[in-house]
Amino acid sequence: MLLSRHQVLARRDRDPERLERSAYLLLSRIDTQGPMSIGQLSEAFGLDTSTVNRQTAALLRCGLAERVADPDGGMARKLRITAEGGRRLAADREVNRSCLARVVAGWSPQEIQELEDVLVRLNRSAEALEGRHWPRAEEDGTRPECHPRAPREPVPPAP
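Calculation rules
Residues numbered from 1 in each chain as written. Predicted model: local features only at pLDDT ≥ 70, side-chain atom pairs only at ≥ 80, totals over all residues. Heavy atoms only, no water. Core = buried A, V, L, I, M, F, W, Y, C linked by side-chain atoms within 4.5 Å. Buried < 20%, exposed > 50% of the residue type's maximum accessible area, 1.4 Å probe, protein only. Helix = DSSP H or I, 4+ residues; strand = E, 2+ residues; numbered from the N terminus. Axes fitted to C-alpha atoms, helices over the stretch in contact; angles between N-to-C directions. Parallel < 35°, antiparallel > 145°, perpendicular 65-115°, else oblique. Contact = heavy atoms within 4.5 Å. Nonpolar A, V, L, I, M, F, W, Y, C, P; charged D, E, K, R; others polar. Salt bridge = Lys/Arg side-chain N within 4 Å of Asp/Glu carboxyl O. Arc of directions from axis to C-beta.

Peer 1: So what's going on with the nonpolar core? Residues and values would help.
Peer 2: For soluble globular proteins, nonpolar side chains are generally found buried alongside one another. Among the nonpolar cores identified, the biggest contains 17 residues, and Leu19, Leu27, Ile30, Leu41, Leu59, Leu79 and Leu89 are the most heavily contacted of them. When contributions to this core are tallied by element, the ones reaching two or more residues are α2 (21–33), α3 (38–45), α4 (49–61) and β2 (78–81). For this core, the element with the most residues is α2, which contributes five residues.

Peer 1: So, the packing of α2 against helix α5 (residues 83–103): which residues are in play, and what are the values?
Peer 2: Two quantities define a packed helix pair, namely the angle between the axes and the distance from one axis to the other. Packing of α2 against α5 brings their axes to within 10 Å, and their N-to-C directions diverge by 110 degrees. Relative to α5, the element α2 lies roughly perpendicular. Here Tyr24, Leu27, Ser28 and Asp31 of α2 come into contact with α5, specifically with Gly85, Leu89, Asp92, Arg93 and Asn96. Here the contact of α2 with α5 is composed, by residue class, of three nonpolar, three polar and three charged.

Peer 1: Just give me the short version of the environment of Arg132, but keep the residues and values in it.
Peer 2: Within the fold, Arg132 resides in the segment after α6 (109–130). On the accessibility criterion, Arg132 (31% relative accessible area) is partly exposed. Placed 87 residues apart in sequence, Arg132 and Phe45 show a C-alpha to C-alpha distance of 7.5 Å. Discounting residues that sit within four places of it in the chain, Arg132 has contacts with Glu43, Ala44, Phe45, Gly46 and Glu127.

Peer 1: Please provide a residue-by-residue account of the pattern of salt bridges, values included.
Peer 2: Under the defined criterion, the tally for this structure stands at five salt bridges. Measuring nitrogen to oxygen at the nearest pair gives 2.8 Å for the salt bridge that ties Asp92 to Arg18. One end of the pair, Asp92, is in helix α5; the other, Arg18, is in the loop between α1 (2–11) and α2, with 74 residues separating them in the sequence. Looking at Asp92, the relative accessible area reads 2%, which means it is buried.

Peer 1: So what's going on with α3? Which residues, and what values?
Peer 2: Residues Ile38, Leu41, Ser42 and Ala44 constitute the buried set of α3. Viewed end-on, α3 has its buried residues packed into an arc of 165 degrees, placing them on one side of the element. Packed against the buried residues of α3 are α2, α4, β1 (65–68) and β2. Remark: Gly46 follows α3 within two positions and exhibits a positive phi of approximately 65 degrees.

Peer 1: Give a detailed account of the side chain of Asp70, specifying residues and quantitative values.
Peer 2: Secondary-structure assignment places Asp70 in the loop between β1 and β2. With residues up to four places along the chain from it excluded, the contact list for Asp70 reads Ala76 and Lys78.

Written as structure tokens, this is what we have:
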């Protein structure tokens, strides 16, 4: 909770190019799963269709996503990330990784691995309770690099 609150408070002082939380989550899901309809996104997040419709409308207005015909031949139009949406999502992910790397800068590789393992377990347990599983790369047989990169400059001590 503290880490989440810190990220939200710090976001106010950051680059206005940073994505809103809802945009980040929607784009992340579409990036992971491929083009999705409003109904699929509503189901994936357990949100009302009108809520997802408003959030995706904002993505469309900002040029972060676009409507496309269903690649599987279905009737519903789907949302796909644009090049700009992909660029902004990648930039936000890098900032998030960098911030996390600063938090764990003094940790050993074993401690970072332990944190990763426990967070994966926590996320999967929460998903199991909700019945909403987030698609992951390792489900395809690949495992993404999850360890945060080391900070490029020393982290000043907290006041």
